[in-house]
Amino acid sequence: MIHARIAGTGSYLPQKILTNFDLEKMVDTSDLWIRERTGIEQRHIAADGETTVDMAERAARAALDMAGCRPQEVDFIAFGTTTPDMVFPNCGVLLQARLGCRGAPAFSLETACSGFMYALSIADKFVRTGEAKRALVIGAETLSRIVDWNDRSTAVLFGDGAGAVLLEPADSPGIISTHLHADGTYRNLLYCGGGMDLSQTRRTIAMSGNEVFRVAVGTLGRAIEETLRANGVERSDLNWLVPHQANLRIIQATARRLDLPMERVITTVQEHGNTSAASVPLALDTAVRAGRIKRGELLLLEAFGGGFTWASGLVRY
Ligand code: UT7
């Protein structure tokens, strides 16, 4: 029986940092409000001309380096993003050309903040059936390009960045299980127009923050229970929670539900803001490179975002 394991992780953050104090000069907000309500202190912003695929390439090469895998050996690319460089070719294909792994299937999917988790779930299945051997899974976003910088209720939340993992076949499960969900009846609580439905005139992120918050806490609570139950795993078996980084208060609520002290929770929202599909792989890579997450440890990953879409997974790193 073939399983998939994480052979390497990588991430990239653009150089430019936008602090809460910078935002105080742009909209009617304060560092104190942003920190108290979200935990966010700063976020990274892509340079002019820097794209989602530019950032993804840096993250992908870092993951490949860690895994000792040459770019040409990649034979599958699943790319989660809501801020693609182009309508087509998709970001996976654009990345494939840069890595030089010609012929490898490559696609992107747009499930907002759950994009990386959806991509991970699909890539895992291809590795487990033997159809892929070196599967690159990406989450990358340039959300700064779809933020209304005059809207204080959303401008303070989001950031840019990219994260990547490389999956390889293994004898024992690395990706133990993934659980994907969606409920499109919530479409109006968090959305961004700009697609081909020209009646959707709002081309920047719109969010009913309070309602999203409430649904996110409840839904993520149920998602983590589902993952534990599906695997017969106790809360106390977990080494780390690697959550979607939208709001520190949502993360704390999820940790409480798991009886997990915050020392066992990876939080990068303070430095990265909400990077949507990039947030989970960015948090994972940050923790791996800091020597916090170690080989053999048991991780619970989760994400929740526009749609709504949500996902969780159990991973033996
Ligand atoms: O990644 C996808 C999933 N996204 C999320 O999970 C985000 C979920 N939502 C949230 O994280 C929170 O709802 C927010 C951080 C967006 C907002 O926090 P909140 O505690 O829910 O605040 P609120 O929206 O209820 O607003 C409270 C007050 C309002 O003023 P009044 O009506 O009480 O006078 C807002 O106008 O705070 C005001 N406000 C601000 N004040 C200063 C809203 N944004 C700001 C701001 N600075 N940036």
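Every value quoted in this text rests on a predicted model; they were computed, and no experiment measured them.

1. Here's the deal with the sheet that holds strand β4 (residues 76-80)
Consideration 1: Spatially, five strands are ordered β1-β7-β6-β4-β5 in an open sheet, and the strand pairing comes out mixed. The outermost strands of the open sheet, each flanked by one partner alone, are β1 (3-12) and β5 (106-109). Direction aside, the axes of adjacent strands within the sheet are offset by 20° on average.
Consideration 2: In terms of strand pairing, β4 meets strand β6 (residues 135-142) through five bridges, oriented parallel. Within β6, the position partnered with Phe76 by the bridge is Ala135.
Consideration 3: Across the sheet, helix α3 (residues 52-67) lies against β1, β4, β6 and β7 (160-170), angled at about 125° from β1, the strand it touches most.

2. Here's the deal with the packing of helix α7 (residues 209-231) against helix α8 (residues 248-257)
Consideration 1: Running from amino to carboxyl end, α7 crosses α8 at an angle of 35°, the nearest separation of the two axes being 10 Å. As for the relative orientation of α7 and α8, their crossing is right-handed in sense. Only Arg249, Ile250, Ala253, Thr254 and Arg257 of α8 make contact with α7, whose side of the interface consists of Phe213, Ala216, Val217, Gly218, Leu220, Gly221, Arg222, Ile224 and Glu225.
Consideration 2: Grouping the constituent residues of the contact of α7 with α8 by class yields seven nonpolar, three polar and four charged.

3. Some words on the pattern of salt bridges
Consideration 1: For the structure on display, the rule yields twelve salt bridges.
Consideration 2: Of the charged contacts in the structure, one is a salt bridge between Asp54 and Arg98, with a shortest N-O distance of 2.8 Å. With a gap of 44 residues between them, Asp54 in helix α3 and Arg98 in helix α4 (residues 91-99) connect regions that are remote in the sequence.
Consideration 3: Assessed through its relative accessible area of 22%, Asp54 is described here as partly exposed.
Consideration 4: Notably, a salt bridge pairs Arg257 with Glu225, separated by 3.3 Å at the nearest N-O pair. Highlighted residues: Arg257 in helix α8 and Glu225 in helix α7, separated in sequence by 32 residues.
Consideration 5: Overall, the relative accessible area of 34% leaves Arg257 in the partly exposed class.
Consideration 6: Bridged by salt links that share partners, the residues Asp54, Glu57, Arg61 and Arg98 form one connected network.

4. Topic: the site of the ligand
Consideration 1: The immediate surroundings of the ligand are formed by 24 residues, with Thr29, Arg152, Asn210, Asn247 and Asn274 found nearest.
Consideration 2: The separation between an oxygen atom of the ligand and a polar side-chain atom of His244 is 2.9 Å.
Consideration 3: Between the ligand and the protein, one listed contact pairs an oxygen atom with a side-chain N or O atom of Asn274 at 2.7 Å.
Consideration 4: Alone, the ligand offers 950 Å² of accessible surface; in the complex the protein occludes 73% of this.

5. Re the side chain of Arg43
Consideration 1: Its place among the elements puts Arg43 in strand β3 (residues 42-45).
Consideration 2: At 6.9 Å, Asp22 is the nearest oppositely charged side chain to Arg43, a buried residue that forms no salt bridge.

6. Some points on the nonpolar core
Consideration 1: Leu238, Leu241, Leu258, Leu300, Phe304 and Phe308 are the most contacted members of the largest nonpolar core, which has 39 residues in total.
Consideration 2: Contributing elements (two or more residues each) for this core: α7, α8, β12 (298-305) and β13 (309-316).
Consideration 3: At seven residues, α7 tops the list of elements feeding residues into this core.
Consideration 4: In this structure, Phe76, Met117, Tyr118 and Leu120 belong to the second largest nonpolar core, which totals 33 residues.

Parameters and conventions
- Residues numbered from 1 in each chain as written.
- Predicted model: local features only at pLDDT ≥ 70, side-chain atom pairs only at ≥ 80, totals over all residues.
- Heavy atoms only, no water.
- Pairing = 2+ DSSP bridges.
- Helix = DSSP H or I, 4+ residues; strand = E, 2+ residues; numbered from the N terminus.
- Axes fitted to C-alpha atoms, helices over the stretch in contact; angles between N-to-C directions.
- Contact = heavy atoms within 4.5 Å.
- Left-handed = near helix turned anticlockwise from the far one by under 90°.
- Nonpolar A, V, L, I, M, F, W, Y, C, P; charged D, E, K, R; others polar.
- Salt bridge = Lys/Arg side-chain N within 4 Å of Asp/Glu carboxyl O.
- Buried < 20%, exposed > 50% of the residue type's maximum accessible area, 1.4 Å probe, protein only.
- Near = heavy atom within 4 Å.
- Polar contact = N/O pair within 3.5 Å; in protein donor to acceptor, adjacent residues only side chain to side chain.
- Areas by Shrake-Rupley, 256 points an atom, 1.4 Å probe, with all protein chains shown as cover.
- Lys, Arg positive; Asp, Glu negative; His and termini not counted.
- Core = buried A, V, L, I, M, F, W, Y, C linked by side-chain atoms within 4.5 Å.

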